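Breakdown of the fold
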Protein chains: 2
Amino acid sequence: MLAEIRQQPAALAKTLAAELRATERLKKFLATRRPKFIVLAARGTSDNAAQFGRYLLEIATGIPVSLAAPSIHTLYEASPDFKDALVVAISQSGESTDTNLVLEKARAQGAFTIGITNEANSSLAKLAEHVFLVRAGREKSVAATKTYTGQLLAIYMIAYALGAPIALDELRQVPDWTAKALSLDDDIKIRAERYRFMDHAVVVGRGLNYSNAFEFALKLMETCYVVAERFSSADLMHGPIAMVGPSFPSFLFAPAGVTWPSMKEMMEKLRSLGAESLVITDQSNAEAEKLATRAIVIPASLQRKGAAPAELFTPIPYIVPAQLFAAHLAVIKGLNPDQPRTLSKVTKTM
Amino acid sequence: MLAEIRQQPAALAKTLAAELRATERLKKFLATRRPKFIVLAARGTSDNAAQFGRYLLEIATGIPVSLAAPSIHTLYEASPDFKDALVVAISQSGESTDTNLVLEKARAQGAFTIGITNEANSSLAKLAEHVFLVRAGREKSVAATKTYTGQLLAIYMIAYALGAPIALDELRQVPDWTAKALSLDDDIKIRAERYRFMDHAVVVGRGLNYSNAFEFALKLMETCYVVAERFSSADLMHGPIAMVGPSFPSFLFAPAGVTWPSMKEMMEKLRSLGAESLVITDQSNAEAEKLATRAIVIPASLQRKGAAPAELFTPIPYIVPAQLFAAHLAVIKGLNPDQPRTLSKVTKTM
C-alpha cells in the first residue's frame, strides 16, 4: 500500500499525458450531444470517486448528477429512463458485475457511456463507448489508493470534456502538488503513533472534499479496523454531533475557499466539545492550523489564475496524507495494510 | 420520544385520509407533465426519508432520481439545470434554509416543486407548488420519529401521483401494521438491556430498507451516543467488513423479497466472523430468525395481492422496533432521548 501511495505522482502524470488527446475528441463529441443529466455507477473506493464526480460535475457543468443505486437495476430489475443521460461506470478491475450491468442497460437505452478503469481488457472497457484508462499499473494492495486519485483525475477530464472551466495548465500541476504532499511521509509516520489505541473516529469534509471524508474513513475501516464515520459538516450538525464528546477523534479536510466557513464552524464546535481534531490543510489556509489539536499542512499550493473555486484542485493532494496516515497506523497497530482480514481485491455483489 | 413513537399509527392514518384527495389532483396534473428526473433535497432524518424516496420513486416510476447536495447551491452558488425536474424538499419544520434555497431556485427555473413538512405555515409550505402536510402534530423530541414515517408515507403518495403501481388499499393497511410493530414495545425494552455497554455498531439495510439503516444509525448516534455505521449489504462487503470481528454488534433489516438473498449472504458472513446480530424481520421471513443472534419479529404482515416487491410496504413498520430500541437503550444508558446533548430541534446549516 505504501509503495502504491508513493507511485501516485508518476501515475497521475502518465494518465494525464496519455488521456488528454482522447479527451479533446470527447469534448468535440459532447459539444454536439450535451446530456440532460449524468449518472455515476460504482462501488467501494470507486464509489467515493463517484461522490467526487457528483460534486465536481454538477458544480462545474451545471448538469444534474445522480449516484446510481445498483440494487434498483440488479435486484428490483427496474430500468429507469437513462436515454438522455451520460452514464459513467467506475471500477478498478472493470469486472464489477453490478455497475457493469447499469452501464450495459443504459447503453441499450441510448445513453452515452463512459468507463473509468485500470484494465484495458476488462469487461467495462469493452462495454463503454469512451474509456478513461487509469495508468497506475496493477494495484496489488487490497486497499485502493492510486486507483482513487487516478479516477479523480479522469473525472476532472470528463468535466473538461463537458465544457467546464478546468484550466489544463492548472490540472497539469496536480501531480507535482501530490509529490509535495508525499514529502510529509516521515512526519506522518511519527504522528500516527498517537492514534495507536483509537478504535472509532469521524471524518469530515465538504463539497469537493466530501468524497475524501468517505475515502479516508474507508481506509481507516479497511486497514486499521477503526469504526470511522464520515459526514459533511452540515450533516454532522444535523444529529450525529450528539455522539461527539471529550476526546472523540475527528479528522477534517479544510482547504481555503467556499467550504472553509462551514468547516471552521465545525472545528469551533468540536473544540467547544473537547473533541480531538486532526486537520488536513495547506499553506494557503493558516487559520485551520490554529483551531485544530493537530494539523497536517501540505507545502505550498499550485499556481492558480482563474475564478474557479479555491479548493478546485485540492482533493487529489489532500487524500495523500490520509492514505499515508492509514497505512502507517495499520502497521503501528500490528496489522498488514496490504491484506486486510476478510477482504479480497475484487468484490462481486448483487 | 416514546410518546411520539406511539402516536405513529394515528398520525399515519390521519395523514393518509387528509392528503389523498389532493394526491389524486396531483396525479392528474403530473399525467400531463411527467418530469425527466426527480431531485430530493433534505437534511438529517428528512434526508433519510429522501434516501427512501431515491429508491421507491426510481423503482416504481422509472424516473431517474438524484439526492441534492445542498452545498452545490449554497456554498458554490451553482445552479444546475432543474427545468425539466420534479424537485421535492423535505423538512419537519419547513425552515431548513439550505433545502428551501434548492427548492426556490429550482422553481424559478421552471421545475415543478413539492414540499413535505409538518408545518402548514412554514416557509417551505409557502415556497412549494404542492405541499404534503405530515399530520403528526408538533414533534417535541429532538430525535425525529413520527416525522420520518409521515415523510415516508408522503413519498408513497408522490409515487402514486406519478403513476406508480401503489395499491391504495394496501397502503391503507400500513397504519395497522405499524400498530402491530408497536405491540413489541415491552419486549424490546427488556431486550435492549443486553446493549447497555455497546459503544459502536453497524446497521445494514438494502433497497427500500436502506434508508432505515441510515435512520436507525442516526437514532443510535443521537440518543445513545453509539458510533453507528450504516451500509447496504453490498457496500459493507466492499471494504468496511474488515472492521467487523468477533462480537461486533450488527443490526439488520431483513424482510422477505428481492433483497433477502443479499441480506442472507450478509448474515451468513457476519455469523462466520463471530459478529453479534440483531435482525428486524416479520413473520413472512422465517429464515432470518435462524441466522441471527437475536431477532425482532413483527407480527403478521399486510394482505397483499399485486406483483409489487414483497418488501414494498415494510419500511414504515420496520423502523418502529428500531425507534423503540433506541429510545429504551438511551434510558438504560442513563441518557435523555428527548434532549440529546449538543442538539436543538431546528438545525440551520450553510
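Residues numbered from 1 in each chain as written. Chains lettered and ligands numbered in written order. Predicted model: local features only at pLDDT ≥ 70, side-chain atom pairs only at ≥ 80, totals over all residues. Heavy atoms only, no water.

Now for the sheet that holds strand S1 (residues 37-42) of chain B. Residues and elements named next belong to chain B. The strand order across the open sheet built from five strands is S2-S1-S3-S4-S5, with neighbouring strands paired in parallel fashion. Each end of this open sheet is capped by a strand with a single partner; those strands are strand S2 (65-67) and strand S5 (130-133). Shown here is a sheet whose adjacent strand axes are inclined to one another by a mean of 20 degrees, direction ignored. Two elements, S1 and S2, share three bridges in a ladder whose sense is parallel. Along S2, the bridge assignment pairs leucine 40 with leucine 67. Contacting strand S3 (85-90), strand S4 (112-117) and S5, helix H7 (residues 146-161) runs over the sheet at an angle of about 150 degrees to S4. (Pairing = 2+ DSSP bridges. Helix = DSSP H or I, 4+ residues; strand = E, 2+ residues; numbered from the N terminus. Axes fitted to C-alpha atoms, helices over the stretch in contact; angles between N-to-C directions. Contact = heavy atoms within 4.5 Å.)

Residues and elements named next belong to chain A. Strand order in the open sheet formed by five strands is S7-S6-S8-S9-S10, with parallel pairing between adjacent strands. Of all strands in the sheet, those bounded by a partner on one side alone are strand S7 (227-231) and strand S10 (294-298). On average, adjacent strands in this sheet sit at an angle of 15 degrees to one another, irrespective of strand direction. Pairing of strand S6 (residues 200-204) with strand S8 (residues 249-253) involves three bridges; the strand directions are parallel. Bridge pairing in S8 places valine 204 opposite leucine 252. Seen against the sheet, helix H13 (residues 260-272) touches S6, S8 and strand S9 (276-282) and runs at an angle of roughly 165 degrees to S8.

Moving on, we come to the layout of surface pockets. If you add up the space inside the largest pocket, you get close to 300 Å³. In terms of lining residues, the largest pocket is bounded by 14 residues, among which A:Asp199, A:Tyr225, A:Val227, B:His200 and B:Phe248 are the most central. Tallied by class, residues from the lining of the largest pocket come to eight nonpolar, three polar and three charged. Around the second largest pocket, the lining residues are A:Leu56, A:Ile59, A:Ala60, A:Pro165, A:Ile166, A:Ala307, A:Ala308, A:Pro309 and A:Leu312. Split by residue class, the lining of the second largest pocket holds nine nonpolar, no polar and no charged. There are two domains that each give the lining of the second largest pocket at least three residues, and those are domain 1 (2-172) and domain 2 (177-332) of chain A. (1 Å grid on protein atoms, 1.4 Å probe; cavity = no way out; pocket = protein on both sides within 12 Å on 5 of 7 lines; lining within 4 Å. Points joined across faces, edges and corners; volume = space filled by probe spheres on them. Nonpolar A, V, L, I, M, F, W, Y, C, P; charged D, E, K, R; others polar. Domains from an automatic or database assignment.)

Contact with chain B, which involves 68 residues of that partner, is made by 68 residues of chain A. Between chain B and chain A, the buried area comes to about 5,600 Å², and carbon and sulfur atoms account for 61% of it. Contact with chain A buries surface across chain B, with B:Tyr76, B:Val227 and B:His238 losing the most and accounting together for 13% of the total. One can count six salt bridges joining chain B with chain A. Where A:Asp235 meets B:Arg43, a salt bridge forms, and the shortest distance between an N and an O atom there is 3.0 Å. (Buried area = accessible area lost by both parts, 1.4 Å probe. Salt bridge = Lys/Arg side-chain N within 4 Å of Asp/Glu carboxyl O.)

When chain B is fitted onto chain A, the two copies agree to an RMSD of 0.0 Å after a turn of 180 degrees and an axial shift of 0.0 Å. Taken together, the turn and the small shift mark the pair as related by a two-fold rotation axis. Measuring from the rotation axis to each C-alpha of chain B, the shortest distance belongs to B:Ser66, at 2.3 Å. A share of 100% of the interface residues of chain B reappears at the interface of chain A, consistent with the copies meeting face to face through the same patch. (Least-squares fit on C-alpha atoms with pLDDT ≥ 70 in both.)

Residues and elements named next belong to chain A. Domains assigned within chain A are domain 1 (2-172) and domain 2 (177-332). Domain 1 and domain 2 are separated by 25 Å when their C-alpha centres are compared. Each side of the interface is counted separately: domain 1 has 27 residues, and domain 2 has 30 residues. Roughly 2,500 Å² of surface becomes buried between domain 1 and domain 2 when both sides are summed, with 67% attributable to carbon and sulfur atoms. The shortest N-O distance in the salt bridge between aspartate 185 and arginine 6 comes to 2.7 Å.

Moving on to the side chain of B:Glu139. All names here are of chain B. Here glutamate 139 is to be found in the loop between S5 and H7. Take glutamate 139: its relative accessible area is 3%, and that puts it in the buried class. Of note is the side chain of glutamate 139, whose polar atom sits 2.9 Å from the backbone nitrogen of threonine 145. At 3.3 Å, the side chain of glutamate 139 and the backbone nitrogen of lysine 146 are in polar contact. (Buried < 20%, exposed > 50% of the residue type's maximum accessible area, 1.4 Å probe, protein only. Polar contact = N/O pair within 3.5 Å; in protein donor to acceptor, adjacent residues only side chain to side chain.)

With that settled, consider the packing of helix H3 (residues 44-61) of chain B against H7(B). All names here are of chain B. The interhelical angle for the contact between H3 and H7, taken along N-to-C directions, is 25 degrees, at an axis separation of 9 Å. Accordingly, the angle class assigned to the pair H3 and H7 is roughly parallel. The crossing of H3 and H7 is right-handed. The segment H3 lies against H7, with Thr45, Ser46, Asn48, Ala49, Phe52, Gly53, Leu56, Leu57 and Thr61 engaging Tyr148, Gln151, Leu152, Ile155, Tyr156, Ile158 and Ala159. Broken down by class, the residue content of the contact of H3 with H7 amounts to 10 nonpolar, six polar and no charged. (Parallel < 35°, antiparallel > 145°, perpendicular 65-115°, else oblique. Left-handed = near helix turned anticlockwise from the far one by under 90°.)

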